[in-house]
Amino acid sequence: MNNVSQAPVILITGGSRGMGAATARLAAGQGYDVAFSFVSNETAALAVASEIQALGRRALPVRADSADPQQVAQLFAAIDETFGRIDVLVNNAAILARQSRLEDLAFERMQRIFAVNAIGPILCAQQAAKRMAYRHNGRGGVVINVSSASARLGSPNEYVDYAASKGAVETFTTGFAKEVARDGIRVNCVRPGHIYTDMHASGGEPGRVDRVKDTIPMGRGGQPEEVARAILWLASAEASFVTGTFLDVTGGK
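Residue numbers restart at each chain and count upward from 1, following the sequence in its written direction. Note on the predicted model: pLDDT of at least 70 is required for a residue's local features to be given, and 80 or more for side-chain atom pairs to be given and counted; whole-chain, interface and lining totals, by contrast, use all residues. Hydrogens are left out, water is left out, and the side-chain values use all remaining heavy atoms of the structure.

Caption draft 1: Fine view of the environment of Leu26. A run of DSSP states H or I qualifies as a helix once it reaches four residues; a run of E qualifies as a strand once it reaches two. Both are numbered from the N-terminal end. Topologically, Leu26 is positioned in helix α1 (residues 18–29). Sequence spacing of Leu26 and Thr173 is 147 residues, and the spatial spacing of their C-alpha atoms is 23 Å. Sequence-distant contacts of Leu26, that is, excluding residues within four places in its chain, are made with Ala228, Arg229 and Leu232. Whether two residues touch is decided by their heavy atoms; if any such pair falls within 4.5 Å, the residues are in contact.

Given below as structure tokens:
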């Protein structure tokens, strides 16, 4: 193992675009060394890594599917090797499929969405806990799960499978937070609302935020950086007595 990183280390799953990339950039600006996973777009991942390095921090992009336990184990092994520590895990990686009514959802789609969106965060948290927990001689840490306002709203006629997978993430947040509170690990959850990211194109409607923005009390969609600021507040010592909590970043919806 190399020398232990003197800077705190944050791992962001799905860090090559959208809210994950915004969180990676902001974390680097706040002094974190940044590891992040990506699945397919290596060009985007390397661009984010360059931005982190331009801010004077170390970057570790790792190709890893968070739904695959072996790849998750390899991701954390790479962090051990490069940094020798992990302080914050942001479970951000998630997928969305085309807008559809429930009757038309394929079984394979349901399986994949739950594998990535619900099981993936649990697999990553399991690895993080083994490194952070006092009972494993860790120094404590923070886990932040990224849910969605859809967990509250249900996303009827669009993607109830995605919404249900995020509901699972929220229940997991509550249970895990209580389980590891005495082990020095805080576990919280951010619920973004309608945010301007590429994800909406995966649902078949790239302009979705603009379509629905009049239904948002603040009258606009959110920016990825606004979610990143909420994530990094929860990661910080300013939130030292906050665990098992849900922070809506939804413009009031």
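Text resumes after the structure shown.
Caption draft 2: Expanded view of the pairing of strand β4 (residues 88–91). Burial status follows relative accessibility: with a 1.4 Å probe on protein chains alone, a residue under 20% of its type maximum counts as buried, one over 50% as exposed, and anything between as partly exposed. Side chains Val88 and Val90 of β4 all project onto a buried face; the interleaved residues Leu89 and Asn91 project onto the opposite face, where all are buried too. Two strands make a pair as long as DSSP finds a minimum of two bridges between them. Where strand β1 (residues 9–12) meets β4, three bridges bridge the pair, whose relative direction is parallel. Across the sheet, residue Ile12 finds its bridge partner in β4, namely Val90. Bridge count between β4 and strand β5 (residues 141–146): four bridges; the pairing is parallel.

Caption draft 3: Layout of the packing of aromatic side chains. Here is the rule: rings of Phe, Tyr and Trp (six-membered ring for Trp) pair when centre to centre is within 6.5 Å. Planes less than 30 degrees apart are stacked, more than 60 are edge-to-face, and the remainder are tilted. The full count for this structure, using the stated rule, is two aromatic pairs. Measuring from centroid to centroid gives 5.7 Å for Tyr159 and Tyr162, while their planes differ by 75°, and the two rings are edge-to-face. Looking at Tyr159, the relative accessible area reads 4%, which means it is buried. Seen in terms of ring centroids, Phe172 and Phe176 are 5.3 Å apart; in terms of plane orientation they differ by 15°. Their pairing is stacked. Placement of the pair is Phe172 and Phe176 together in helix α6 (residues 160–180), with a separation of four residues, close to one helical turn.

Caption draft 4: Highlighting the pattern of salt bridges. Counted as salt bridges are all cases of a side-chain nitrogen of Lys or Arg within 4 Å of a carboxyl oxygen of Asp or Glu. Scanning the entire structure with this criterion turns up 18 salt bridges. Between Arg135 and Asp183 there is a salt bridge; the shortest N-O distance is 2.8 Å. Placement of Arg135 in the loop between α4 (107–132) and β5 and of Asp183 in the loop between α6 and β6 (185–192) is noted, with a sequence separation of 48 residues between them. The exposure class assigned to Asp183 is buried, which follows from its relative accessible area of 7%. Close ionic contact of Asp210 with Lys213 constitutes a salt bridge, the shortest N to O distance being 3.9 Å. With relative accessibility at 30%, the residue Lys213 sits in the partly exposed group. Where salt bridges share partners, they join Arg152, Glu170, Arg191 and Asp248 into one cluster.

Caption draft 5: Inspection of the nonpolar core at higher detail. Remark: nonpolar core denotes a set of buried residues (Ala, Val, Leu, Ile, Met, Phe, Trp, Tyr, Cys) joined through side-chain atoms within 4.5 Å. Core analysis: the biggest nonpolar cluster contains 30 residues, and Ile10 and Val34 have the highest contact counts within it. Within the residue set of this core, elements represented by two or more residues are β1, α1, β2 (33–38), α2 (42–54), β4, β5 and α9 (224–235). Element by element, the count of residues in this core is highest for α9, at six residues. Val34 has contacts with Ile10, Ile12, Ala24, Ala27, Ala28, Ile52, Arg58, Ala59, Leu60 and Phe83, leaving out every residue within four places of it along the chain.

Caption draft 6: Main features of the packing of α1 against α2. For every element, the axis is a line fit to its C-alpha atoms; helices are fit only across the contacting stretch, and the angle between N-to-C directions ranges from 0 to 180 degrees. Interhelical geometry of α1 versus α2 gives an angle of 15° and a closest axis separation of 8 Å. In terms of axis orientation, α1 runs roughly parallel to α2. Two packed elements cross with a definite hand, and for α1 against α2 that hand is right-handed. Contact with α1, carried on its side by Ala21, Ala24, Arg25 and Ala28, involves Val48, Glu51 and Ile52 of α2 and no other residues of that element. Any angle that is under 35 degrees is reported as roughly parallel, and any over 145 degrees as roughly antiparallel; angles of 65 to 115 degrees are reported as roughly perpendicular and all others as oblique. With the far helix as reference, a near helix turned anticlockwise by less than a right angle produces a left-handed crossing, and one turned clockwise produces a right-handed crossing.

Caption draft 7: Region of interest: α4. The span expected for a helix works out to 1.5 Å for each residue beyond the first. Compared with the 38 Å implied by 1.5 Å per residue over 26 residues, the 36 Å span of α4 between its first and last C-alpha is a close match. Its axis deflected by about 40° at Ile119, α4 carries its strongest bend there, up to four residues before the proline Pro121. The angle between axes fitted to the seven-residue stretch ending at a residue and the seven-residue stretch beginning at it gives the bend at that residue.

Caption draft 8: Representation of the pairing of β1 within the structure. Residues Val9 and Leu11 point to one face of β1 and Ile10 and Ile12 to the other, with burial holding for every one of them. Two strands pair when backbone bridges link them, and β1 and β2 are joined in this way by four bridges, in the parallel orientation. In the strand pairing of β2, Leu11 is matched with Ala35. With α1 bridging β1 and its parallel neighbour β2, the resulting β-α-β unit is right-handed. Orient the strands so they point away from the viewer, and a crossover whose first-strand-to-second-strand path over the helix runs clockwise is right-handed.

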